[in-house]
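Single-letter residue listing:
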Amino acid sequence: MKEFNYKINGAPYRVVVNKSDTDLVELEVNGTPYTVEITPKAKKPKAVVQRHSTPATPAQSSTSHLVTKPAGPAGKNTIQSPLPGVILDIRCKVGDTVKKGQTLMILEAMKMENNILANGNGKVTEILIQKGDSVLEGADLVVIE
């Protein structure tokens, strides 16, 4: 038997748990007996992680893609995601000449916007993500030569 004292919206409640098992709990709240049926938690389906490799088809365009860290070595000068998040804005395009420290894109992580900066001077040769994509830490974002 376990006893708990709660205050809800200023009103005191004395809860005594008389019997408990996986399906039912018998308890008293301020002297009134209750039998509570416990519903087991539904297991969440595991998310499928796929690397975005082909242009989105009309059926896929409504959902964002999850960009993961590649298995093999990256290109010459690849900008990687410093932390997991969602791409809010892309401020460069293929063919643009960028300078070190220039903002290439905005990454939202933990309710904060983070500027992803160029780590050197060069030309953007490839953008590996799209606006709205979810990325993991270390995922390749942009290739600069």
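**Student:** What is the right way to look at the overall build of the chain in this model?
**Tutor:** Per the secondary structure count, the chain includes 0 helices and 13 strands. The linear arrangement of helices and strands in the chain, starting from the amino end, is β-β-β-β-β-β-β-β-β-β-β-β-β. Looking at the chain residue by residue over its 145 residues, the buried ones come to 26%. Within the chain, contacts between residues at least 6 apart in sequence are counted, and of these 46% link residues at least 24 apart. Total accessible area on the chain stands at roughly 10500 Å², and carbon and sulfur atoms take up 53% of it.

**Student:** Where do I start with the sheet that holds strand E8 (residues 97–98) in this structure?
**Tutor:** The strands that make up a sheet pair up through hydrogen bonds in the backbone, lying either parallel or antiparallel. Within the open sheet, the 4 strands sit side by side as E6-E13-E11-E8. Their pairing is antiparallel. Every other strand in the sheet has two partners, leaving strand E6 (78–80) and E8 as the edge strands with one partner each. Pairing between strand E11 (residues 122–127) and strand E13 (residues 140–144): 3 bridges, direction antiparallel. Paired with Val 124 across the strands is Ile 144, a residue of E13.

**Student:** Just checking my understanding: could you explain the nonpolar core for this structure?
**Tutor:** Inside soluble globular proteins, nonpolar side chains tend to come together where they are buried. Core analysis: the biggest nonpolar cluster contains 16 residues, and Ile 87, Leu 104, Met 105, Val 135, Leu 141, Val 142 and Ile 144 have the highest contact counts within it. Every residue in contact with Met 105, bar those within four places of it in the chain, is listed here: Ile 87, Asp 89, Ile 90, Arg 91, Asn 114, Asn 115, Ile 116, Ile 129, Leu 141 and Val 142.

**Student:** I'm lost on the pairing of E13 in this one. Help?
**Tutor:** A regular strand places its side chains on the two faces of the sheet in alternate fashion. Among the 5 residues that make up E13, 5 are buried, leaving the element largely enclosed by the rest of the structure. Sheet topology places E6 next to E13; 3 bridges connect them, and they run antiparallel. Residue pairing across strands places Gln 80 opposite Asp 140, the latter belonging to E13.

**Student:** How do you make sense of a nonpolar patch on the surface when you look at a structure like this?
**Tutor:** Taken together, the side chains of Phe 4, Tyr 6, Ile 8 and Tyr 13 define a hydrophobic patch exposed on the protein surface, amounting to about 360 Å² of accessible area. Along the chain, the position of Tyr 6 falls in strand E1 (residues 2–8). With relative accessibility at 43%, the residue Tyr 6 sits in the partly exposed group.

**Student:** Hey, could you run me through the side chain of Thr 78 in this one?
**Tutor:** Considering the arrangement of structural elements, one finds Thr 78 in strand E6. Taking the relative accessible area as the measure of exposure, Thr 78 reaches 13% and is therefore buried.

**Student:** Would you mind showing me how to read the sheet that holds strand E3 (residues 24–29) here?
**Tutor:** With respect to topology, 4 strands assemble into an open sheet ordered E1-E2-E3-E4, the strand pairing being antiparallel. Strands with a single pairing partner mark the edges of an open sheet, and in this sheet they are E1 and strand E4 (32–37). Pairs of neighbouring strands in the sheet enclose a mean axial angle of 30°, with direction left out of account. The pairing of E1 with strand E2 (residues 11–20) spans 7 bridges and is antiparallel. Counted as the bridge partner of Lys 7 is Pro 12 from E2.

**Student:** Help me understand the pattern of salt bridges in this model?
**Tutor:** Any two side chains of opposite charge can pair if their charged atoms end up close together. In this structure the tally under the stated criterion is 3 salt bridges. With a shortest N-O distance of 3.0 Å, Glu 3 and Arg 14 are connected by a salt bridge. In this pair, Glu 3 is assigned in strand E1 and Arg 14 in strand E2, connecting sequence segments 11 residues apart. Judged by relative accessible area, Glu 3 falls into the partly exposed class, the value being 44%. With a shortest N-O distance of 3.2 Å, Arg 91 and Asp 89 are connected by a salt bridge.

The rules behind the values
- Residues numbered from 1 in each chain as written.
- Predicted model: local features only at pLDDT ≥ 70, side-chain atom pairs only at ≥ 80, totals over all residues.
- Heavy atoms only, no water.
- Helix = DSSP H or I, 4+ residues; strand = E, 2+ residues; numbered from the N terminus.
- Buried < 20%, exposed > 50% of the residue type's maximum accessible area, 1.4 Å probe, protein only.
- Contact = heavy atoms within 4.5 Å.
- Areas by Shrake-Rupley, 256 points an atom, 1.4 Å probe, with all protein chains shown as cover.
- Pairing = 2+ DSSP bridges.
- Core = buried A, V, L, I, M, F, W, Y, C linked by side-chain atoms within 4.5 Å.
- Patch = residues over 30% accessible without salt bridge, like charges linked within 9 Å, V, L, I, M, F, W, Y side chains within 5 Å.
- Salt bridge = Lys/Arg side-chain N within 4 Å of Asp/Glu carboxyl O.
- Axes fitted to C-alpha atoms, helices over the stretch in contact; angles between N-to-C directions.

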